[in-house]
Every structure is written in structure tokens, then in C-alpha cells.
Amino acid sequence: MPNDELKTLGIYIHIPFCRSKCQYCDFYSIGGSRDKRLVDNYMQALAIHFKETGARATDYVVDTVYFGGGTPSFFGADNLRRIFAEVQHRFRVDKDAEVTFEANPDSVSDQLLRKLRAEGFNRMSLGVQNDRDDVLKKLGRPHTYDQAVMAVELARAAGFDNISLDLMYGLPSQTNLAWEETLLNVLRLRPQHMSCYGLKVEENTPLWSYKDEANLPSDETQAEMYLKAVKILAEHGYRQYEISNFAKPGYESRHNLKYWLGDEYIGFGPAAASDFAGKRYTNMPDIQTYVRGLIKQDVPILSECDLIPPRERAGEYVMLRLRTTRGISPEEYEKNYLMPFEPLLNVIQPLAERGLFTQEGGRWILTPLGFLVSNQIIVRLQQAQEASEPLAKRK
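Residues numbered from 1 in each chain as written. Predicted model: local features only at pLDDT ≥ 70, side-chain atom pairs only at ≥ 80, totals over all residues. Heavy atoms only, no water.

Engineer: I'm lost on the pairing of strand β15 (residues 357–360) in this one. Help?
Structural biologist: Every regular strand shows the same layout, with side chains that alternate between the two sheet faces. One ladder, built from four bridges, connects β15 with strand β16 (residues 363–366); its direction is antiparallel. Residue pairing across strands places Q359 opposite W364, the latter belonging to β16. What sits between the antiparallel neighbours β15 and β16 is a turn of two residues, in which G361 has the positive phi angle 55°. (Pairing = 2+ DSSP bridges. Helix = DSSP H or I, 4+ residues; strand = E, 2+ residues; numbered from the N terminus.)

Below, the structure is given as C-alpha cells:
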């Protein structure tokens, strides 16, 4: 069957190994040196999982592959190449697929980059976070800013022309001026894509234990930082296409768009999530359970698995699309979910008068001010949706 007749699929592979855990990180990962036996077992488990799942995806073409973590670059080029080769063996991978790997500057080398580029990897997402070494140290980041600059230079020399940089704002003792200087400094690296995330202090992180003494910026200051990023990035030619993501034209993350646009994807590895064949499921956040469940097959590897009913899909459409600058369409909503848009419109119109929504081409889109309070807006929209009846039941 030709690729243009197949459904598209994204693949996410979680690499749960890190040199060290950052002060703010609540993602599932293992800090410290890599245990060879555990690595070998994990590679075997992934291979089994690819084989089992690939047999159920024969009418799909994989057009995005994303290696996240953890720190995939710390895992090593040879391991990443072996995993990608197994993906190509078990799935139909498009020749123009977007293949991304996350990296930290301290584990990027010329050899790693050239090996991955030769294997077909074509996008790097680099965790820079800040341009001041003292700030990076406080965050528990295992690199310097000079290493980040060098990593970008090496990536370009190795043939990567799609580079994304991650930054964080709302950091301890950070001011509006310091954030603006960071943005302008990092933009000199000329990335194709930028992700800017506000620091969130999660309970199960080291930062949580001393958050009250960390001199964190207020919510109001963090909001000002966000709006400053939107303005500066727009002035430098980066189009905002999602709450925290900005890209030069044509360089939006195709893989991440799958999550926000409701496309299908499969996640491999502990804590990885999937939305495939009408079901949403998540793997246990434990590498030992994942390995044992696939190799010995004597314990379940899923923490949850649900068949998603149409009304919940409609709610997901609203929640996920409003993260993006594509927004939501009344026609699309009613046609796909057989739910009336009018109850949502009754919520949207007063918010539009306050500058939180705008309408473009018949679609309702959150403004940057709207993005700041998107969680509250989405809750109100979903409440209105829950109180409404499907179009088929209305008389």
C-alpha cells in the first residue's frame, strides 16, 4: 500500500537515563552512571515492545520519531542508533520522517552528532535553560552555557539544520531584565525553534523542599516574562504556534503537534503515553516493571488503558487545540463530535471582549493574554460542554 494511503503515526521513545537529576525535574528518569546490565535489558524490552506493537500498525506510516527523556544524548549514539534501526525494522518509517533527539550540552560531542545524523536523525532539541552558569548550577544543570554554544556549533557542522533550544523563566532571583537579556543572548545562536517554559515547582522534586527560600518571581512577574518572550520572539521572526513553542516558518515540531492536534502516537518506555486505535494508555513509571513485563511477561506494564468515548474526545479537542494558535472551529467541532458549539460560544464571546480570544478564519484562538489563563478558560468551556446535549438528541 502506498504511503499516501496510510494513516500517520508518531512514535515516542523514553530514554530514562540522566547524568544527574535537576532540582526541578519531575519526569521519570534515573540519575547517575548507566548500569550495563540494565541498559542491555532495557534495549531487549524495547525490541520486544516494537515487535508486538508494530504488528498492530501495519496500516500506518510513521512520520515522526521522538527520543525524549531523561537525556537521550547521555545514553549514547550507538544505543540510539540501535533503537532507531529496530523501529525502522518493525514499522513503516517515512523517508522524510522528522526524527528528534533531546540532548543536554554536556553530553553532546562531534562523534555523537555525526553518527546520529548519518543514521537519519534530523532534529535536535537542546536543553539550554539559561545563559548564566551560576543559575544553571542552582538548577542542578550539569553543563555551562559555553557548552550549549559549542553543542549548537557542532550540530550545525554535523549537518543538523533543525535545532530547537529550551529555555526556562520564572527562575530563582530572575528579573524581567535578566530574562530579556537571556532571550536576546540565546537568539544569537539562530535556532530554528524555541521552547520557553515557566518554572513549575512540583512536590516530588528537590526544589519543592526549599521553594519558600528560593526567591521565586511572583505569578505576575512570571506572566510579564511570558509576554516579553512572545514579543521578542515575534520581533525575531519566530511564530508562536503553541503556548510555549515558537518556530521559524516551516520548523514547527511535527511530533509535538500530534499531541495537540489529536493525532495518533505510541509511546515506548516507562511512563510513556499513547493514543492509538481509539485507546489511550500509559506505561508504568518504573523501568524494572517495564523490562520484566516485556521480557518475562509476568507483570502488567500499563498503569492505565481507556477506550475514549466521543464526549471525552470532544473535551480533548477543546483542551488540546486551545494550546495552539490553530484554535477551535465551530464547524469542525460539530461535524466531528456531534456536539453543539453554541454553549461554548456563550463562554467565548465575553472573554473575546476582554481580549482573551480572537477570531481568525472562523476559528476561535486564545491570545497571549488568554494563554496565561488558559487552564481556567478550558475548565469553563468543558463545564459548558458537559451541560449540553449531543446534536442528535436535540429536538
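Text resumes after the structure shown.
Engineer: What is the right way to look at the packing of helix α1 (residues 36–54) against helix α11 (residues 287–295) in this model?
Structural biologist: Working note: a packed helix pair is described by the angle between its axes plus the distance between those axes. Between α1 and α11, the shortest axis-to-axis distance is 9 Å and the interhelical angle comes to 55°. Between α1 and α11, the crossing angle belongs to the class labelled oblique. The two elements α1 and α11 cross, and the hand of that crossing is left-handed. Here α1 contributes L38, N41, Y42, Q44, A45, L46, I48, H49 and E52 to the contact with α11, which in turn contributes I287, Q288, Y290, V291, L294 and I295. When its residues are assigned to classes, the contact of α1 with α11 shows ten nonpolar, four polar and one charged. (Axes fitted to C-alpha atoms, helices over the stretch in contact; angles between N-to-C directions. Parallel < 35°, antiparallel > 145°, perpendicular 65-115°, else oblique. Left-handed = near helix turned anticlockwise from the far one by under 90°. Contact = heavy atoms within 4.5 Å. Nonpolar A, V, L, I, M, F, W, Y, C, P; charged D, E, K, R; others polar.)

Engineer: I tried to follow the packing of aromatic side chains on my own but got confused; where do I start?
Structural biologist: Aromatic ring pairs are reported here in terms of the distance separating the ring centres and the angle at which the planes meet. The tally for this structure, following the rule as stated, stands at 19 aromatic pairs. Ring geometry for F67 against F121: centres 5.2 Å apart, planes inclined by 40°, an arrangement best described as tilted. Of this pair, F67 sits in strand β4 (residues 60–69) while F121 sits in the loop between α4 (110–119) and β6 (123–129), and the two are 54 residues apart along the sequence. There is no split in this pair, since F67 and F121 are both buried. Relative to Y337, the ring of Y333 has its centre 6.1 Å away and its plane inclined at 50°; by these criteria the two rings are tilted. Of this pair, Y333 and Y337 both sit in helix α13 (residues 330–337), four residues apart, which is roughly one turn of the helix. Relative accessible area serves as the criterion here: at 21%, Y337 is assigned to the partly exposed category. Across from the ring centre of F74, 4.5 Å away, lies the NZ or CZ of R34, which sits over that ring. K248 extends its terminal NZ or CZ atom over the ring of Y238, reaching a point 4.6 Å from the ring centre. (Phe/Tyr/Trp six-rings, centres within 6.5 Å; stacked < 30°, edge-to-face > 60°. Buried < 20%, exposed > 50% of the residue type's maximum accessible area, 1.4 Å probe, protein only. Lys NZ or Arg CZ within 6 Å of the ring centre and 35° of its normal.)

Engineer: Before we go on, may I ask you to explain the pattern of salt bridges in this structure?
Structural biologist: Oppositely charged side chains are able to pair whenever their charged atoms sit close together. Counted under the stated rule, the structure contains 21 salt bridges. When salt bridges that share partners are traced, they join D275, R280, E312, R313 and E316 into one network. (Salt bridge = Lys/Arg side-chain N within 4 Å of Asp/Glu carboxyl O.)

Engineer: Sorry if this is basic, but what is going on with the side chain of S125 here?
Structural biologist: With respect to the secondary-structure elements, S125 resides in strand β6. Dropping the residues within four chain positions of it, S125 is found in contact with Y66, T100, F101, E102, A103, S164 and D166.

Engineer: Please clarify how the state of the cysteines should be interpreted in this entry.
Structural biologist: Working definition of a disulfide: a covalent bond connecting the sulfur atoms of two cysteines. For the structure on display, the rule yields zero disulfides. Looking at the unpaired C25, the closest cysteine sulfur is the one in C22, lying at 6.2 Å. Looking at C25, the relative accessible area reads 15%, which means it is buried. (Disulfide = S-S within 2.5 Å.)

Engineer: Help me understand the environment of L171 in this model?
Structural biologist: As for its placement among the helices and strands, L171 is situated in the loop between β7 (163–169) and α7 (176–187). Placed 51 residues apart in sequence, L171 and Q222 show a C-alpha to C-alpha distance of 9.0 Å. Setting aside chain neighbours within four positions, we find L171 in contact with Q129, N130, V135, L139, L199, N215, L216 and P217.

Engineer: Explain a nonpolar patch on the surface to me, please; I cannot follow it from the model alone.
Structural biologist: Taken together, the side chains of L227, L369 and L372 define a hydrophobic patch exposed on the protein surface, amounting to about 220 Å² of accessible area. Structurally, the position occupied by L227 is in helix α9 (residues 219–235). (Patch = residues over 30% accessible without salt bridge, like charges linked within 9 Å, V, L, I, M, F, W, Y side chains within 5 Å. Areas by Shrake-Rupley, 256 points an atom, 1.4 Å probe, with all protein chains shown as cover.)

Engineer: How do you make sense of α9 when you look at a structure like this?
Structural biologist: Along an α-helix, residues three or four positions apart point the same way, because every turn accommodates 3.6 residues. Here α9 is 17 residues long and its end C-alpha atoms lie 25 Å apart, about the 24 Å a rise of 1.5 Å per residue gives. Here α9 has its buried residues at M225, Y226, A229, V230, I232 and L233. Lining the buried residues of α9 we find β7, α7, β8 (193–198), β9 (239–242), β10 (245–247) and α15 (368–372). Backbone geometry just after α9 places G237 at a positive phi near 90°. (Expected span 1.5 Å × (residues − 1).)

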